[in-house]
Amino acid sequence: MILLIFKTESGLRLGVKTPDGVVDVQAAVGNQPVPTSLDALFAGGTAALKTLSDFISQLPTSNQTWLLNEADLTLAPCVPAPGKIICVGLNYRRHAAETGAEEPTSPVLFSKFSNALAAPNEAIPVPATAKNVDYEAELAVVIGRKAQNVAESDALNYVFGYCNADDISARDLQRRTSQWLLGKTLDKFLPLGPYLVTADTIPDPQKLTVRCTVNGEQRQNSSTGDMIFTVAQVISYISQHFTLEPGDVISTGTPEGVIAGMKEKVWLKAGDKIMVEVEGLGQLTNVIA
């Protein structure tokens, strides 16, 4: 399924993208025992997903008040309230090479906080303290089951779904100290979306193209096959050290093509339009405010 979260006057609502439009799940379900929120899906696991999928497949496909035009919706981050946001640095071979860094021997982890979340099409503000702002197209993984001491061979069974992420970074602040946090978790520096695509739709997360354009110019065009640590390895590694919970987001690193790796660096500026596209996950577009 292709899930999205959209805004209404009464709060956030869960939608399911179909060929006929977006199903407003809450409006369509009525009093039936079907999960109507992302939290309910996280809590209910595989059984809840199946219930929702079966319900959507049986709905009539035209002239329904709960069938919405996606173009009319204002989307929210596709995971609007993750418990944890964990990012992986230097996780693509060619990206490590372009920045002059040695390939890490274990995953390089850092965090972002919920203030960094941004919606598709939302403007990204840049504080006056940040001068060197960069994009990072990434595959994000959303955890669906409590994961503790998970084996690599079993790790993908803990994935709820996948989405696009843009790990926007203020390189000058990131490199001010040995800790990257300051340059990574500025307000709205992690757009997510537009869709949360359930794991059954993505059979192999290591065979996805990753693209980024700025003002229509291609900047990144790579594949998750260039990851140093696979999605399964990252999940397993993290779970050996601390517990992952349903709804946690892992942004798995960016491929080559970022501004930081260029000889002539022209940093992002007001008005620049960034498009991130991981294969099968739609297009995530944001503009620098």
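Provided above is the structure to which this section pertains.
The structure presented is a predicted model; accordingly, all values stated were derived computationally and were not measured.

Asks: Lay out the sheet that holds strand S5 (residues 85–89) in plain terms, naming residues and giving numbers.
Replies: By way of backbone hydrogen bonds, the strands of a sheet pair with one another, either parallel or antiparallel. The mixed open sheet is built from ten strands, whose spatial order is S4-S3-S2-S1-S14-S11-S10-S17-S5-S6. Single-partner strands in this sheet number two, and they are strand S4 (67–68) and strand S6 (108–112). Two strands pair when backbone bridges link them, and strand S10 (residues 137–143) and strand S11 (residues 159–166) are joined in this way by seven bridges, in the antiparallel orientation. Looking across to S11, one finds that Leu139 is bridged to Asn164. Its contacts with the sheet put helix H2 (residues 38–57) on strand S1 (2–8), strand S2 (11–18), strand S3 (21–24), S10, S11 and strand S14 (196–198), and the angle it makes with S2 is roughly 40 degrees. On the sheet, helix H6 (residues 231–241) packs against S5, S6, S10, S11 and strand S17 (249–251) and is oriented at approximately 55 degrees with respect to S10.

Asks: Summarise the nonpolar core; cite the residues concerned and give the values.
Replies: Ranked by size, the top nonpolar core spans 57 residues in total, and within it Tyr135, Leu139, Tyr162, Ile235, Leu244, Ile250 and Leu268 carry the most contacts. Elements with a minimum of two residues in this core: S1, S5, S10, S11, strand S15 (209–214), H6, strand S18 (273–278) and strand S19 (284–288). Here this core takes five residues from H6, the largest share from any one element. Those residues in contact with Ile250 that sit more than four places away from it in its chain are Ile86, Val88, Leu139, Ala140, Val141, Ile143, Val234, Ile235, Ile238 and Leu244. Counting residues in hydrophobic clusters, the runner-up holds 38 residues, among them Val16, Val25, Leu41 and Ile56.

Asks: Summarise unusual backbone geometry; cite the residues concerned and give the values.
Replies: Residues Gly193 and Pro194 are joined by a peptide bond in cis, for which omega reads 0 degrees. A positive phi angle, near 50 degrees, is found at Leu90, a position not held by glycine. Relative to the helices and strands, Leu90 is located in the loop between S5 and helix H3 (93–98).

Asks: Outline H2, supporting the account with residue identities and numerical values.
Replies: With 20 residues, H2 extends just 18 Å between its outermost C-alpha atoms, more than 12% less than the 28 Å of an ideal straight helix rising 1.5 Å per residue. Of the positions making up H2, those classed as buried are Leu38, Leu41, Phe42, Gly45, Ala48, Leu49, Leu52, Phe55 and Ile56.

Calculation criteria
- Residues numbered from 1 in each chain as written.
- Predicted model: local features only at pLDDT ≥ 70, side-chain atom pairs only at ≥ 80, totals over all residues.
- Heavy atoms only, no water.
- Pairing = 2+ DSSP bridges.
- Helix = DSSP H or I, 4+ residues; strand = E, 2+ residues; numbered from the N terminus.
- Contact = heavy atoms within 4.5 Å.
- Axes fitted to C-alpha atoms, helices over the stretch in contact; angles between N-to-C directions.
- Core = buried A, V, L, I, M, F, W, Y, C linked by side-chain atoms within 4.5 Å.
- Buried < 20%, exposed > 50% of the residue type's maximum accessible area, 1.4 Å probe, protein only.
- Expected span 1.5 Å × (residues − 1).

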